[in-house]
Amino acid sequence: MTVKSSLLEMLEKNKGEVLSGERIAGELGCTRAAVWKAVKSLREDGYRIEAGPNKGYMLAKDTNRLSQEGIRLFLDDSKVKIDIYDKLESTNQTAKKEAMMGETGHGAFVIARSQTAGRGRRGREFYSPADAGLYMSVILKPQGTIHDSLLITTAAAVAVYRAVAQLCGIQLDIKWVNDLFYKGKKVLVTGHTGFKGSWLCRILVKAGAQVTGYALNPPTDPNLFEIAGLEDTIHSVVGDVRDLAHLRRVFDEVKPEIVFHLAAQPIVRESYKEPVYTYETNVMGTVNILECVRLTDTVRSFLNVTTDKVYENKEWEWGYRENEPLDGYDPYSNSKSCSELVTHSYINSFFQDRDLAVSTARAGNVIGGGDFANDRIIPDCVRAMQKGSSIGVRNPYSTRPFQHVLEPLGVYLLIAQKQYEDKSYAGFYNVGPDECDCVTTGQLVDLFCKYWGDGAAWENQAEENAPHEANFLKLDCSKVKRVFGWAPRWHIEECMEMTCRFSKEWLAGGDIPAEMDREIETFYAQKES
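Residues numbered from 1 in each chain as written. Predicted model: local features only at pLDDT ≥ 70, side-chain atom pairs only at ≥ 80, totals over all residues. Heavy atoms only, no water.

### Considering the pattern of salt bridges
Consideration 1: The tally for this structure, following the rule as stated, stands at 25 salt bridges.
Consideration 2: The partner of D375 in a salt bridge is R394, with the nearest N and O atoms 3.5 Å apart. Remark: R394 occurs in the loop between β13 (391–393) and β14 (399–400) and D375 occurs in the loop between β12 (366–367) and α15 (377–387); sequence separation between them is 19 residues.
Consideration 3: By sharing partners, the salt bridges in this structure join D240, R242 and E280 into a single network. (Salt bridge = Lys/Arg side-chain N within 4 Å of Asp/Glu carboxyl O. Helix = DSSP H or I, 4+ residues; strand = E, 2+ residues; numbered from the N terminus.)

In structure tokens:
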């Protein structure tokens, strides 16, 4: 072992304590000049070693530089092989090569401070920049059956849970998203009594966030907010986003760190009936939220949730990208285009010099259990089943980017977290399904009938002189996939299976909070699958 390696081992064992040069030289059997040379080299490698005249040397307690010597202190087997690299294409590929060549034994580690070509399951990109995570592969040669090997993932999760609890004093819940980040964070969600808002609040509560919701009373009866018992788990404030004075008081009281803006009048057909209310809510509501963010210095991450309908829709066959013109056709879509422009203006005018990151997310149509809105296809299907009637479909040939509600919510949480940690992630992001899951409304209802069973059927009820709705709409989601390494977890058939299961559970008077938790757990357990 070299003087440098021996010194690092000694400093790691005594992290936060001052060791005299004389003591170090004596224990290592070298000169003090050699000790100084080793200290200088370690500093160049990124280790924070403090020193002073007649005081000696100390490895700073908050030093998080990965080292073999530091890792071995926590291992039962001090002889296990540990390879640490500044940069690799993929720790998994390197470990696989070493294992196949017989160069390493059971339990060997391959660790990198960053990866340039990390991959998740099915070869999907795994974003892994320097100093933003732990990128590690372990070579295992287990004894036992194939069935026993299935427990490795669970064992690894338990091991991480115990390590974080022991070393950091943080209690996590296995398989809940972003526990470590959102635990204890003050989060404000507008529109929390709606369909997406209710699901988002459930995830945040389970992740340990301090959640405040601001919205009108639930828009339908029944509604997910009430049947899930969410009012008992968060600080719920009844208010109108058009009321700036009330919003200001709530922001001043809560002092949120992260804000998700979901409150909106979200129905296209309703916007034809109530255009003024739609614009007041969706445009001035956004102005009021952004004004509160501007005047609240605790906010570090803000996400405005808009829609895929913000684009000037030319009914073409390829997906719209984030740099396409914004010009929604109907009052709802256009009001959301305006909401985007208001957000852009506030970013340029007020937030450039703030420790605040602002993004917008343009999501496609969502489906899932607990949606009771009028003029939406899945709620219409469930109501028809409840009545024992055929399902009426207004626009069976319209193509939409349908996705399960948990898909965009997972991206919202990811964007808000990443931009909180690094403002460079702030931007404008499309969130939608893969190309293979963009289906017509008729195909979607076919899937509903398949998974519902019981003779479910539908009929074409196209209306003459109906209000204009787009016939063809798709999103290009390559940006969010490239930046965050994100990919949809569920295909459209899995989405529909979950939706039907939830709806039947509700109709049977089942445990809705438990069903929500089951779906969330299943969703995050299938990460990148």
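Still more ground to cover, so stick around.
### Describing unusual backbone geometry
Consideration 1: With omega at 10 degrees, the peptide bond leading from D221 into P222 counts as cis.
Consideration 2: With respect to the secondary-structure elements, P222 resides in the loop between β7 (210–215) and α10 (224–227).
Consideration 3: With a phi angle near 60 degrees, E315 is a residue other than glycine that sits in the positive phi range.
Consideration 4: With respect to the helices and strands, the residue E315 is situated in the loop between β10 (301–305) and α14 (331–350).
Consideration 5: Given the relative accessible area of 33%, E315 is considered partly exposed.
Consideration 6: In the Ramachandran plot, D375 falls in the positive-phi region, its phi being about 60 degrees despite a non-glycine side chain.
Consideration 7: A relative accessible area of 29% means that D375 is categorised as partly exposed. (Buried < 20%, exposed > 50% of the residue type's maximum accessible area, 1.4 Å probe, protein only.)

### Regarding the packing of aromatic side chains
Consideration 1: One pass over the structure, following the stated rule, counts 14 aromatic pairs.
Consideration 2: Seen in terms of ring centroids, W199 and F502 are 5.9 Å apart; in terms of plane orientation they differ by 50 degrees. Their pairing is tilted. Here W199 is found in helix α9 (residues 195–206), whereas its partner F502 is found in helix α19 (residues 492–507), with 303 residues between them in sequence.
Consideration 3: Aromatic pair F523 and Y524: ring centres 5.0 Å apart, planes at 85 degrees, arrangement edge-to-face. Across this residue pair, the class does not change: F523 and Y524 are buried.
Consideration 4: A cation over an aromatic ring shows up here: K185 above the ring of F181, its NZ or CZ 4.4 Å from the ring centre.
Consideration 5: It is R300 that lies over the ring of Y420; its NZ or CZ is 4.1 Å from the centre. (Phe/Tyr/Trp six-rings, centres within 6.5 Å; stacked < 30°, edge-to-face > 60°. Lys NZ or Arg CZ within 6 Å of the ring centre and 35° of its normal.)

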